[in-house]
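# Summary of the model geometry
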Amino acid sequence: MKGSRPTVRTPACPEARSAEGSREPGDDVAETEEPWFCYMVRCRDASFYVGIAVDVEERIKRHNWGVGPSYTAKRRLVELIWKERCGDSEAARRREKEVKSLEPG
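Residues numbered from 1 in each chain as written. Predicted model: local features only at pLDDT ≥ 70, side-chain atom pairs only at ≥ 80, totals over all residues. Heavy atoms only, no water.

### Considering helix α1 (residues 56-65)
Every buried residue of α1 is accounted for by V56, R59, I60, H63 and N64. Down the axis, α1 shows its buried residues gathered within 140° of arc, on one side only. Against the buried residues of α1 lie β1 (36-42), β2 (48-53), α2 (70-73) and β3 (79-87). Positioned one or two residues after α1, G66 has a phi angle of 90°, which is positive. (Buried < 20%, exposed > 50% of the residue type's maximum accessible area, 1.4 Å probe, protein only. Helix = DSSP H or I, 4+ residues; strand = E, 2+ residues; numbered from the N terminus. Arc of directions from axis to C-beta. Contact = heavy atoms within 4.5 Å.)

### Quick look at the environment of V78
Within the secondary structure, V78 sits in the loop between α2 and β3. Through-space distance from the C-alpha of V78 to that of Y49 is 8.9 Å; in sequence the pair is 29 residues apart. When sequence neighbours within four positions are dropped, the list of residues in contact with V78 reads V41, R42, C43, I60, H63, N64 and T72.

### Observations regarding the pattern of salt bridges
Taken as a whole, this structure holds 7 salt bridges when the rule is applied. Ionic pairing is found between R75 and D45, a salt bridge with its closest N-O pair at 2.9 Å. A residue pair is termed long-range when its members are at least 10 positions apart, and R75 in the loop between α2 and β3 and D45 in the loop between β1 and β2 qualify at 30 residues. When its relative accessible area of 43% is taken as the criterion, D45 is described as partly exposed. (Salt bridge = Lys/Arg side-chain N within 4 Å of Asp/Glu carboxyl O.)

### Describing the sheet that holds β3
The antiparallel open sheet is built from 3 strands, whose spatial order is β2-β1-β3. Strands with a single pairing partner mark the edges of an open sheet, and in this sheet they are β2 and β3. Strand-to-strand twist in this sheet, taken as the mean axis angle between neighbours without regard to direction, amounts to 20°. Strand direction decides the pairing type here: β1 and β2, joined by 6 bridges, are antiparallel. Along β2, the bridge assignment pairs R42 with F48. The sheet contacts of α1 involve β1, β2 and β3, and relative to β1 the element is tilted by about 40°. Of the strands in this sheet, β1, β2 and β3 are in contact with helix α3 (residues 89-100), which crosses β2 at around 170°. (Pairing = 2+ DSSP bridges. Axes fitted to C-alpha atoms, helices over the stretch in contact; angles between N-to-C directions.)

Right, dumping it as structure tokens:
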């Protein structure tokens, strides 16, 4: 049950995190040994989109092809403005949530 996990306070993107991590069966992000990144793009309308990926450059291409979230598909072309290496997918997802919660300005 996803809602029953205990809250663990750790840095969002620890570089030294092990590749094994703590995964549960059924998690929606595939396991990989490659590092995950959190990234931000600026859309054509000057809005921002934050996501995670293993291959950020390929992900940006897919955004610009209109593949993926309808948010970026409607606001093409997008430009990568920031990325941060996060280790595994869980760390990248935590960093994504952290970035999305930041106050503008």
